[in-house]
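Each chain, written out:
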Amino acid sequence: MKIKFLHFAVAAATLLSIPTINFAQGPNLGTAANFVLFTTVGAVGNTGISHLTGNVGSNSGSTTGFGNVNGVMHNNNGATSQAAQDLLFAYNEINGTPHTFSHAPLLGNGDTLIAGVYAINGLTTLAGNLILDARGNSNAVFIFKIGAAFSTQAESKVKLINGAMACNVYWKVEGMVGMAAGTSFKGNLIVNNAAINMSTRDTLEGRALSTTGAVNITGTMAYTPVGCGSALLKGPAAPNLATTACYAIFSGNGSVANAGVSHATGDIGSNVGLTTGFDPLLVKGQIHPIPDGSTSACAADLLNVYSYLNTLTDDIELLYPAQFGHNLVLTPHTYVMKSATSFTDTLYLNGQGNPDAVFVIKITGALGTSTNAKVILTNGTQAKNVFWKVDGAISISDNSEMKGTFIANNAAIDLKTGVIIDGRALTTNGALSTAAVTVTVPAGTCGTLMPLTWMHFRGNNVQENVLLEWGITNEVNNGFFKIEKSRDGKQFETLATIDAETGKTQANYSFTDLHPFILNYYRISQTDNDGRKSYSATIQVKRNMNKSQKPVINVQAGYIYVQTAASTAGKGSLELYSIEGRKVSSQKIVLTKEVSLYKIEKPAQTGTYLLQILNNGVKMYAGKVMVF
């Protein structure tokens, strides 16, 4: 891979370690950060089916052509007025930031750039792949100050590696921005006095903001980035399901009838009416053929659940219920659609790495789906945290795959052949019919169905390692655990898989992470023998630092930077020697027990040098550094 620091030859230096230098701070976008598309003056328009997460608006102009947006539409109101002020402030902040590098007006073609502020003069083009390398520092900021128009070639891409985050990438452009078809772009576009045009199949993880100029998209996916201090979306509090938690199929007042070979995990019944047609060998739960005490309690609790969902304040109105689905992406919120809703194709529910995120979808009117409609859960979303409140009939067509608890109020539910629901189908008052369906109560929501009960999950430092321990009771039908780790609590990787000890009244488990980060987030996913999954709480463990750990060193922009901590605080120094042992320079420092950043001037002559770190006169580190 070719790494390009500058467009002209300069002396550069590296060390065989992970640098953590951050050259600049990103500007404060203020309330403009809430918008995925925004202009202070001009129109904002869409053609075709685009998928947007974030607010859309203009402070002086119209917004036209948009379908359902995972955000709020704003036109010429208090929110746009404040966003316009905040955008201007952010533009001026970037404009006044001195650059650390200059770059030719051609970006990409496989080049890799490190964090810094890049000044680019003239008409600028992105071609092929541009790789932004944070070198292990998730706080690394990339700022591009482009002095003229900016365009991308078809299928060009901005790629982020080694911890780089789209929320830390900024593009200040003094001219029109035009993205050709298939561009994959990362970062916050702040365009001054010019338009922004995005084409078919373009993807933007970031924002498209203009101080003055139209913003137009065509068949585009754009979404505001997560991280950089943005709030973790949780959605509303989930309702207390009480006894309804154990019912897969239920009517408070109406018949419940099945035709065909249907499977269910959970109870089935009606509080007023008969329950017929279900094979008890295919139901993992209790069938209530006639009303009883259990169905009476469920009917009462179901009214409470409906009432709670009905009174929730909606965050976002989806303005086009007839266009629901169509690969729409939603995030944890309370949504409302104020008329009958047609669900076609696919809906994605993105939990943004939060397994406790809650989604509530409120529909004033009936809900119907196309055949083969699907709800797909991504980034930690769990079916147990998805709720549909429908003031009308629910009809789910053949071979559709739904997720969540569906509650119809005073209306029927009809589940057609081949329907799969990871959740529940419940109506307060109406007939409920099924035809060769599979309905499964989500794992961990019904006490009689839960494969285990979590006692505790904790993590502690043991020398340079992290010891994870957890305790389980009532372990029934449990398959295995996966220990997962993350740097930011959002994107997790699997460390190990541990088989369960099913059948024990109580079991204790442990695992040692031999390679922890400085700051770690851990969670455990549990999978039972039926494939259902649940998660532990996420815990945070900060690794202990001690004198035996090597410092992180980087040579850049005329200095050698050293990030380290000492076992005891005190006076220290950085000492630089030639390979022959001649002392080149030294720099006094004050060492602390916490990780701190220090620097010493880089020698002008290229070559290999020896760097020593002294703490109160005692050498705590010595290593080679290469300057070239």
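Residues numbered from 1 in each chain as written. Predicted model: local features only at pLDDT ≥ 70, side-chain atom pairs only at ≥ 80, totals over all residues. Heavy atoms only, no water.

Let us look at the nonpolar core. Considering soluble globular proteins, one finds that nonpolar side chains tend to be buried as a cluster. Formed by 43 residues in total, the largest nonpolar core has its most connected members in Phe-324, Leu-330, Phe-343, Leu-347, Trp-388 and Leu-415. With residues near it in sequence (within four places) discarded, Leu-415 still touches Ile-396, Ile-421, Ala-425, Ser-433, Thr-434, Ala-435, Val-437 and Val-439. Core analysis: the second largest hydrophobic core is formed by 41 residues, Leu-130, Val-191, Ala-194 and Ala-208 among them. (Core = buried A, V, L, I, M, F, W, Y, C linked by side-chain atoms within 4.5 Å. Buried < 20%, exposed > 50% of the residue type's maximum accessible area, 1.4 Å probe, protein only. Contact = heavy atoms within 4.5 Å.)

Attention shifts here to the layout of surface pockets. Of the voids in this model, the second largest pocket is the one considered here, and its volume is about 450 Å³. If you trace the second largest pocket, you find 19 residues lining it, with Ala-33, Asn-34, Thr-224, Leu-233 and His-333 closest to the centre. In terms of residue class, the lining of the second largest pocket is made up of 7 nonpolar, 11 polar and 1 charged. (1 Å grid on protein atoms, 1.4 Å probe; cavity = no way out; pocket = protein on both sides within 12 Å on 5 of 7 lines; lining within 4 Å. Points joined across faces, edges and corners; volume = space filled by probe spheres on them. Nonpolar A, V, L, I, M, F, W, Y, C, P; charged D, E, K, R; others polar.)

Looking now at the pairing of strand β60 (residues 607-615). Sheet topology note: the strand β57 (residues 570-578)/β60 ladder contains 7 bridges and is antiparallel. Note that in β60 the partner of Leu-576 across the bridge is Leu-611. By the bridge criterion, 9 bridges tie β60 to strand β61 (residues 618-627) in an arrangement that is antiparallel. Bridge pairing links Gln-612 to Ala-622 in β61. Where β60 hands over to β61, the hairpin turn is made up of 2 residues, of which Asn-616 adopts a positive phi near 55°. (Pairing = 2+ DSSP bridges. Helix = DSSP H or I, 4+ residues; strand = E, 2+ residues; numbered from the N terminus.)

Even without a glycine there, the phi angle at Glu-155 is positive, about 65°. Along the polypeptide, Glu-155 turns up in the loop between β15 (150-152) and β16 (157-161). Phi at Asn-193 is positive, roughly 55°, even though this residue is not glycine. Looking at the secondary structure, you find Asn-193 in the loop between β19 (184-191) and β20 (196-198). A relative accessible area of 53% places Asn-193 in the exposed class.

Let us now look at the sheet that holds strand β38 (residues 367-369). Spatially, β28-β25-β45-β43-β41-β38-β35-β32 is the arrangement adopted by the 8 strands of the open sheet, whose pairing is parallel. The open sheet is flanked by β28 (275-276) and β32 (324-325), the only strands paired with a single partner.

Further remarks concern the packing of aromatic side chains. The full count for this structure, using the stated rule, is 17 aromatic pairs. Aromatic pair Phe-150 and Trp-171: ring centres 5.5 Å apart, planes at 10°, arrangement stacked. Of the two residues, Phe-150 sits in strand β15 while Trp-171 sits in strand β17 (residues 169-173), which places them 21 residues apart along the sequence. As far as burial versus exposure is concerned, Phe-150 and Trp-171 are alike and both buried. Measuring from ring centre to ring centre gives 6.2 Å for Phe-324 and Trp-388, while their planes differ by 85°; the resulting arrangement is edge-to-face. Within this pair, whereas Phe-324 is found in strand β32, its partner Trp-388 is found in strand β40 (residues 386-390), the two being separated by 64 residues in sequence. Classification of Phe-324 as buried rests on a relative accessible area of 0%. Exposure remark for Trp-388: the relative accessible area of 0% places this residue in the buried category. Members of the aromatic cluster, connected to one another through ring pairs, are Phe-101, Tyr-118, Phe-144, Phe-150, Trp-171 and Phe-185. The ring of Tyr-559 carries the charged tip of Lys-599 above its face, separated from the ring centre by 4.1 Å. (Phe/Tyr/Trp six-rings, centres within 6.5 Å; stacked < 30°, edge-to-face > 60°. Lys NZ or Arg CZ within 6 Å of the ring centre and 35° of its normal.)

Relative to the 26 Å expected for 18 residues at 1.5 Å per residue, helix α1 (residues 78-95) spans 26 Å between its end C-alpha atoms, a close match to the ideal helical length. Those residues of α1 that sit buried are Thr-80, Ala-83, Ala-84, Asp-86, Leu-87, Ala-90, Tyr-91 and Ile-94. Between the side-chain oxygen at the start of α1 and the backbone nitrogen of Ala-79 there is a gap of 3.1 Å, and the oxygen is on Asn-77. (Expected span 1.5 Å × (residues − 1). Polar contact = N/O pair within 3.5 Å; in protein donor to acceptor, adjacent residues only side chain to side chain.)

Tracing the sequence through the fold places Ala-208 in strand β21 (residues 203-210). Sequence spacing of Ala-208 and Val-36 is 172 residues, and the spatial spacing of their C-alpha atoms is 6.1 Å.

What follows covers the confidence of the model for the protein chain. Looking at the protein chain as a whole, the pLDDT averages 89, with 92% of positions reaching at least 70. In the model, residues 1-23 has pLDDT below 50 throughout and makes 67 contacts with residues more than four positions away in sequence or in other chains. (pLDDT = per-residue confidence, 0-100.)

For the rest of this paragraph, the subject is the sheet that holds strand β56 (residues 559-564). If you trace the 3 strands from one edge of the open sheet to the other, you get β55-β56-β59, paired in antiparallel fashion. On the outer flanks of this sheet lie β55 (552-556) and β59 (596-601), each paired with one strand and no other. Mean inter-strand twist for the sheet, computed between neighbouring axes without regard to direction, equals 20°. Alignment of β56 against β59, held across 6 bridges, turns out to be antiparallel. (Axes fitted to C-alpha atoms, helices over the stretch in contact; angles between N-to-C directions.)

Inspection of the entire model under this criterion finds 11 salt bridges. With a shortest N-O distance of 2.8 Å, Arg-201 and Glu-155 are connected by a salt bridge. One end of the pair, Arg-201, is in the loop between β20 and β21; the other, Glu-155, is in the loop between β15 and β16, with 46 residues separating them in the sequence. Residue Glu-575 is joined to Lys-583 by a salt bridge in which the shortest nitrogen-to-oxygen separation is 2.9 Å. (Salt bridge = Lys/Arg side-chain N within 4 Å of Asp/Glu carboxyl O.)

Structurally, the position occupied by Lys-186 is in strand β19. Judged by relative accessible area, which is 17%, Lys-186 ranks as buried. What Lys-186 contacts, discounting residues up to four positions off in sequence, is Val-158, Leu-160, Ala-166, Val-169, Trp-171, Glu-205 and Tyr-223.

The next thing to look at is the state of the cysteines. Tallied over the full model, the rule gives 2 disulfides. Across the disulfide from Cys-167 sits Cys-228; the S-S distance is 1.8 Å. Linking Cys-167 and Cys-228, the disulfide has an S-S dihedral of approximately 70° and is accordingly described as right-handed. Of this pair, Cys-167 sits in the loop between β16 and β17 while Cys-228 is found in the loop between β23 (221-223) and β24 (247-251), placing the two residues 61 residues apart along the sequence. Cys-228 gets classed as partly exposed once you look at its relative accessible area, which sits at 43%. Sulfur-sulfur distance for the disulfide between Cys-246 and Cys-446 comes to 1.8 Å. Note on the Cys-246 and Cys-446 pair: the S-S dihedral is about 95°, so by sign convention the disulfide is right-handed. Of the two residues, Cys-246 sits in the loop between β23 and β24 while Cys-446 sits in the loop between β46 (438-440) and β47 (453-462), which places them 200 residues apart along the sequence. Here Cys-246 matches Cys-446 in class, with each residue buried. For the protein chain, the bonded cysteines connect in the pattern 1-2, 3-4 when numbered consecutively along the sequence. (Disulfide = S-S within 2.5 Å.)

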